[in-house]
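Coordinate analysis (summary)
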Amino acid sequence: MVRRYKTSNHMFRSCILPGFISYQKKNDQEYATFCLAKWTGNAKINETVYLGRVVDKENGVFYSKKRGGLFTFSVKDGFGEAPEKEPDSGFGKRKAKRKEVCSLDYGDAFFLDGFLKSTPYYDVFCSIAPDAKDILLSLVYFYILKGGAREHMRDWWDGSYVCLMYPDAVPSGSKISKLYRKLSDPDLQLRFTRKYMEAVLSGSGIHGILIDSTGMPNAISMDKREVWNHDGSCDEGARLIYVCERNTGLPLAARTISGNIIDASTIANTIDDLERVGVCTDFAILDAGYYTDANIRLLHEKKIAFVTRIKKNRKLYKEIFNRNRPGLEDAANLVSFNGRVLYIKKVPCVLAESIEAYSYIVLDTKMQGLESAQALSGPIEDKVNREELERIRSMCGTFMMVSSEELDPSEILPLYYTRGQIEQVFDIAKGSAELLQLGLHSEETFDGHVFVSFLAVIICHLLQRLFLNERMTTSEALGALRNHKCKLYDNGDMVPYESKKKQNLCYDLIKVKPQKKHFDKCPSIW
């Protein structure tokens with residue numbers, strides 16, 4: 001069959017057209033060109049015919065203004081009439097051009113959400129209040145990424161990728177207060193703690209606990225606000241007790257008490273609370289404030305091994321110290337710890353009248369010089385007698401610890417100073433998790449805020465461990481990630497900008513990559 005067809009520039013005559021259709025994509029739209037192989041003398045050339053936009057690739061339907069709209073074309077049959085029935089998907093009509101609405105802070109929120117989802121704790125967090133998941137996670141991310149007064153949270157949320165991930169949050173002062181009151185429910189917190197402990201125990205497990213407390217000065221009208229005197233500092237407010245895992249420092253539990261309750265009277269309830277959620281610990285490291293005969297008996301009855309420090313004003317300290325201070329500076333007692341030289345002497349002892357244990361008298365040679373200069377200058381000026389000066393000098397730079405288990409003197413300090421991990425957790429809580437941002441007006445909202453801060457501390461602690469071996473801190477990483485922006489279009493498309501080296505390093509750590517994404521649900525800023 002010989003077929004003739006007319007184009008705008010060419011007249012081809014062929015039995016079977018020796019050509020093919022080439023397809024190109026531009027701005028999400030596909031276009032087609034017919035290419036015809038032709039010999040001119042000894043040279044082979046391709047002549048092309050532009051077909052226009054592809055409407056129906058399978059049936060060979062195209063659209064071109066120059067050809068008056070829709071038409072068909074195939075390599076075998078050439079051009080044909082338009083199909084009798086036009087497709088229903090708007091073929092032949094120019095696709096509406098999307099319009100960029102704004103840019104959002106993308107990298108920090110995308111990374112933080114991806115990191116939490118990579119841990120066993122994301123589902124636990126989502127189960128806390130399923131009907132308020134968006135506002136809860138948005139608030140936790142606000143504590144970590146921005147901080148400050150919650151009345152400004154909406155401004156941050158509007159400009160952050162968080163508003164796309166959790167569009168139902170739409171923060172407001174009343175909504176946040178309502179959430180705080182909801183989270184203050186003891187039953188809700190108990191359910192969370194049980195699920196959280198299940199997740200912890202399914203992972204690295206719990207190998208002993210650290211217990212300590214810190215003050216939360218405030219002027220909130222509530223029963224927990226009381227005047228306290230702690231380690232010589234006097235203030236008014238509540239106290240916060242944290243329990244952390246000994247090896248990793250992972251926060252396990254938190255609870256608030258009245259400011260005037262001393263540490264020693266809290267340990268029984270703290271251990272009971274842990275047992276209620278399935279944590280039966282076998283080892284505890286305690287600060288000197290928790291040492292009492294009653295607490296030692298409690299730990300012994302529950303078969304919990306312990307290490308704790310003893311204050312110098314206790315009778316037990318004075319008896320053991322006076323009996324064993326002579327000979328402490330013997331070369332056999334020398335121990336090196338963190339580049340410092342110490343003398344440590346192990347002495348068997350009896351605690352709480354009947355419990356056998358071991359005491360460790362420690363002399364820090366560096367601290368001995370510093371404390372001697374302070375402690376002796378006054379007595380020397382007052383011409384105190386020689387015996388009293390010697391007694392004061394012998395106390396300088398010394399402290400004592402007791403352990404229920406026998407340990408080598410070289411092991412006691414590394415073990416006891418794992419307590420530094422709980423101090424780091426308090427630093428995270430006060431510096432990165434908004435613990436002391438207390439613009440609150442009731443005990444309910446106070447307890448809810450402390451709970452949200454605890455969730456933020458868990459994430460911050462895990463982040464700190466993630467970046468432990470990297471050449472950047474958590475705050476440095478999140479600051480760099482905040483500079484990675486994304487474009488937001490009015491049709492719901494989100495397109496991240498190109499990421500830089502430091503940002504890619506962070507993404508690689510948790511094995512995520514920024515990607516274009518479409519959001520059907522648009523926040524109110526659109």
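Residue numbers here run from 1 along each chain, matching the order of that chain's written sequence. Local features are withheld for residues below a pLDDT of 70 in this predicted model, meaning they are given only at 70 or higher, and side-chain atom pairs are given and counted only at 80 or more; totals for whole chains, interfaces and linings count all residues. The basis for the side-chain values is all heavy atoms of the structure; hydrogens and waters are excluded.

As for the overall build of the chain
A helix here means a DSSP run of H or I that spans at least four residues, while a strand means a run of E at least two residues long, and both kinds are numbered starting from the N terminus. Tallying secondary structure elements over the chain gives 17 helices and 22 strands in all. Atoms counted for the radius of gyration: C-alpha only. Globule rule: 2.2 Å times the number of residues to the power 0.38. Here the C-alpha radius of gyration of the chain, 36 Å, is well above what a compact globule of 526 residues would show, namely 24 Å. Accessible area is worked out with a 1.4 Å probe on protein chains only. A residue is then buried under 20% of its type maximum, exposed over 50%, and partly exposed in between. For the chain, buried positions account for 49% of its 526 residues. Two residues form a contact once any of their heavy atoms are found within 4.5 Å. Long-range contacts, defined here as pairs at least 24 residues apart, represent 61% of the contacts in the chain between residues at least 6 apart. Accessible surface is estimated by sampling points in the Shrake-Rupley manner with a 1.4 Å probe; for residues, cover comes only from the protein chains shown. Entry remark: accessible area of the chain is about 27,600 Å², with carbon and sulfur atoms responsible for 48%.

Structural notes on the nonpolar core
The nonpolar side chains of soluble globular proteins are, as a tendency, buried together. Counting residues in each nonpolar core, the largest one holds 147 residues, and the members touching the most others are Tyr141 and Phe192. Looking at this core element by element, the count peaks at 13 residues for helix 15 (residues 443-466). Definition used in this section: a nonpolar core is a set of buried Ala, Val, Leu, Ile, Met, Phe, Trp, Tyr and Cys residues joined via side-chain atoms within 4.5 Å. Counting eleven residues, the second-largest nonpolar core is a separate cluster that includes Ile21, Phe34, Val49 and Phe62.

Concerning the pairing of strand 6 (residues 61-64)
Taking every second residue as pointing to the same face, both faces of strand 6 are buried, with Val61 and Tyr63 on one and Phe62 and Ser64 on the other. Between any two strands, pairing holds if DSSP finds at least two bridges. A loop of four residues connects strand 5 (residues 43-56) with strand 6, the two strands running antiparallel in sequence, and Gly60 in this loop sits at a positive phi of about 70 degrees. In sequence, strand 6 turns back onto strand 7 (residues 69-74) through a hairpin of four residues, with Gly68 there showing a positive phi of about 85 degrees.

Focus: the sheet that holds strand 9 (residues 100-105)
Pairing in this open sheet of four strands is antiparallel, and the strands run 9-20-21-22 from one edge to the other. Every interior strand has two partners, whereas the edge strands, strand 9 and strand 22 (517-518), have only one. Relative to strand 22, strand 21 (residues 493-496) is paired through two bridges, and the arrangement is antiparallel. Across the sheet, residue Asp493 finds its bridge partner in strand 22, namely His518.

Remarks on the environment of Ser172
Mapped onto the elements, Ser172 comes out in the loop between helix 5 (162-165) and helix 6 (173-183). Sequence spacing of Ser172 and Arg67 is 105 residues, and the spatial spacing of their C-alpha atoms is 57 Å.

Regarding the pattern of salt bridges
For this analysis, a salt bridge means a side-chain nitrogen from Lys or Arg found within 4 Å of a carboxyl oxygen belonging to Asp or Glu. Inspection of the entire model under this criterion finds 23 salt bridges. When the shortest N-O distance is used, the salt bridge between Asp273 and Arg276 registers 3.8 Å. Of this pair, Asp273 and Arg276 both sit in helix 8 (residues 267-276), three residues apart, which is roughly one turn of that helix. Judged by relative accessible area, which is 31%, Asp273 ranks as partly exposed. Overall, the relative accessible area of 51% leaves Arg276 in the exposed class. The shortest N-O distance in the salt bridge between Lys302 and Glu275 comes to 3.4 Å.

Looking at the side chain of Asp287
Take Asp287: it is sitting in the loop between strand 14 (283-286) and helix 9 (293-301). Side-chain atoms alone can form a polar contact between residues adjacent in sequence; in general such a contact is a pair of N or O atoms within 3.5 Å, and within protein one must be able to donate a hydrogen while the other accepts it. Side-chain polar atoms of Asp287 contact the side chain of Tyr416, separated by 3.4 Å. Filtering out sequence-adjacent residues up to four positions away, Asp287 remains in contact with Ile211, Thr308, Arg309, Tyr416 and Arg419.

Some remarks on the environment of Leu370
Structurally, Leu370 is set in helix 11 (residues 365-381). Residues Leu370 and Glu275, 95 residues apart in the sequence, show an inter-C-alpha distance of 44 Å.

Considerations on unusual backbone geometry
The backbone of Lys303 sits at a positive phi, close to 55 degrees, despite the residue not being glycine. Looking at where Lys303 falls in the secondary structure, it is placed in the loop between helix 9 and strand 15 (305-310). Residue Ala352 is not a glycine yet carries a positive backbone phi of 50 degrees. You can see Ala352 is positioned in the loop between strand 17 (340-351) and strand 18 (355-364). Classification of Ala352 as buried rests on a relative accessible area of 6%.

Observations regarding the confidence of the model for the chain
Confidence scores labelled pLDDT are given residue by residue by the predictor and lie between 0 and 100. Mean pLDDT over the chain works out to 87, with 92% of the residues at or above the 70 mark. When mean pLDDT is compared element by element in the chain, helix 1 (residues 107-117) scores highest at 97, while strand 1 (residues 3-6) scores lowest at 38. Confidence over residues 1-17 falls short of pLDDT 50; this stretch has 30 contacts with residues more than four positions distant or in other chains.

Quick word on the packing of helix 1 against helix 3 (residues 133-145)
Helix axes are fitted to C-alpha atoms over the stretch in contact, other axes to C-alpha atoms as well, and angles between N-to-C directions run from 0 to 180 degrees. The N-to-C vectors of helix 1 and helix 3 enclose an angle of 115 degrees; their axes lie 11 Å apart at closest approach. When the axes of helix 1 and helix 3 are compared, the crossing they make is right-handed. Together, Asp108, Ala109, Leu112, Asp113 and Leu116 of helix 1 and Leu137, Tyr141, Ile144 and Leu145 of helix 3 make up the contact between the two elements. Following the grouping adopted for this structure description, the nonpolar residues are Ala, Val, Leu, Ile, Met, Phe, Trp, Tyr, Cys and Pro, the charged ones are Asp, Glu, Lys and Arg, and the polar ones are all others, Gly among them. Of the residues in the contact of helix 1 with helix 3, the class split is seven nonpolar, no polar and two charged. Helix crossings fall into two classes, left-handed where the near helix is turned counterclockwise from the far one by less than a right angle and right-handed where it is turned clockwise.

Some remarks on the packing of aromatic side chains
Pairing of aromatic rings covers Phe, Tyr and Trp, the last through its six-membered ring, and needs centres within 6.5 Å; plane angles under 30 degrees mean stacked, over 60 mean edge-to-face, and all others mean tilted. One pass over the structure, following the stated rule, counts 23 aromatic pairs. Both rings, one in Tyr106 and one in Phe110, keep their centres 5.0 Å apart while their planes meet at 15 degrees; by these two values the pair is stacked. Phe110 matches Tyr106 in its accessibility class, with the two residues each being buried. Chaining the aromatic ring pairs together yields one cluster made of Tyr121, Phe125, Phe192, Tyr196, Tyr242, Phe426, Phe451 and Phe454. One cation-aromatic arrangement involves Arg67 over Phe71; the distance from NZ or CZ to the ring centre is 5.5 Å. Ring-over charges, as used throughout, are those where CZ of Arg or NZ of Lys falls within 6 Å of the ring centre and within 35 degrees of the ring normal. Directly above the ring of Tyr497 sits Lys487, whose terminal nitrogen or CZ lies 5.5 Å from the centroid.

Focus on the environment of Leu509
Its place among the elements puts Leu509 in helix 17 (residues 501-509). For Leu509, a relative accessible area of 24% gives the class partly exposed. A C-alpha to C-alpha distance of 9.7 Å links Leu509 and Glu470, two positions 39 residues apart in sequence. Among all residues touching Leu509, those that are not within four sequence positions of it are Leu466, Phe467 and Glu470.

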